[in-house]
Amino acid sequence: MAQSLKQETKNPNQPPQENPWIEGIKTIATAAILAFGIRAFVAEARYIPSSSMEPTLQVNDRLIIEKVSYHFKEPKRGDVVVFNPTKALQEKDFRDAFIKRVIGLPGETIEVKMGKVYVNGQAIKEKYISEDPNYDYGPVIVPEREYLVLGDNRNNSYDSHYWGYVPKEKIIGKAFVRFWPFNRLGILDKHPIYPST
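Quick notes on the rules
Residues numbered from 1 in each chain as written. Predicted model: local features only at pLDDT ≥ 70, side-chain atom pairs only at ≥ 80, totals over all residues. Heavy atoms only, no water. Buried < 20%, exposed > 50% of the residue type's maximum accessible area, 1.4 Å probe, protein only. Helix = DSSP H or I, 4+ residues; strand = E, 2+ residues; numbered from the N terminus. Pairing = 2+ DSSP bridges. Contact = heavy atoms within 4.5 Å. Salt bridge = Lys/Arg side-chain N within 4 Å of Asp/Glu carboxyl O.

Peer 1: Go over the pairing of strand β4 (residues 98–104) with me, naming the residues and quoting the values.
Peer 2: For β4, a buried count of seven out of seven residues is recorded, marking the element as mostly surrounded by other parts of the structure. As paired strands, β4 and strand β9 (residues 146–150) are joined by three bridges and run antiparallel to one another. Note on β9: the bridge partner recorded for glycine 104 is leucine 148.

Given below as structure tokens:
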């Protein structure tokens, strides 16, 4: 007994099937381009390699650095920022990015004395530092479009009081969220602790 075979006919409106290998390569390429674009222009992950920001940030903390906001507004005092090495740091052979807290804004006079940081002659409250600074610095006037940055671990931080200021164009972005370890996951500086000056 002969069996009838149903013959498949091609639908002229249906696009031709693409090779699965080519589809896979296109998907991977698109994902790589999107990942690169996000990392280059929007946000990226960073880890903390040193104790200079303790107790706020611990060694091996993982953070998301957002890169968008400083295109529209200036860094504020209290922001924790990641920046590429300045010219002074490059001359000392530093190549990796730094993370510190913005203390002095352009045009401000900064001084460290008697265990306090003074901005334009007024001592600021710093509840996040591990201990009071045991050094004197300044007074100095922060140049235009540059920032004075200090580590929260004041007496164990290689920061502006050693090598100078950070030009705005060197700032990569603002530390936004800690995503590791999970028991300390959360947004950084959700409630600013600096008074406006």
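Peer 1: Give a detailed account of the environment of asparagine 60, specifying residues and quantitative values.
Peer 2: Among the secondary structure elements, asparagine 60 is positioned in the loop between β1 (43–47) and β2 (62–66). Taking relative accessible area as the criterion, asparagine 60 reaches 40% and is therefore assigned partly exposed. On a C-alpha basis, the gap between asparagine 60 and proline 181 in space is 8.5 Å, while along the polypeptide they are 121 residues apart. Residue contacts for asparagine 60: discarding those within four places in its chain leaves Tyr47, Ile48 and Trp180.

Peer 1: Can you lay out the pattern of salt bridges for me, pointing to particular residues and giving the numbers?
Peer 2: The tally for this structure, following the rule as stated, stands at 11 salt bridges. Two residues, aspartate 79 and lysine 174, come together in a salt bridge whose shortest N-O distance is 3.6 Å. Here aspartate 79, found in the loop between β2 and β3 (80–83), pairs with lysine 174, found in strand β11 (residues 171–180); they are 95 residues apart in sequence, far enough to count as distant. Here aspartate 79 falls in the buried class, since its relative accessible area comes to 8%. A relative accessible area of 22% places lysine 174 in the partly exposed class. A salt bridge links glutamate 126 to arginine 154; its shortest N-O distance comes to 2.8 Å. Taken as a pair, glutamate 126 in the loop between β7 (122–123) and β8 (137–141) and arginine 154 in the loop between β9 and α3 (160–163) lie far apart in primary sequence, 28 residues in all. Members of the salt-bridge network, linked through shared partners, are Glu44, Arg46 and Lys67.

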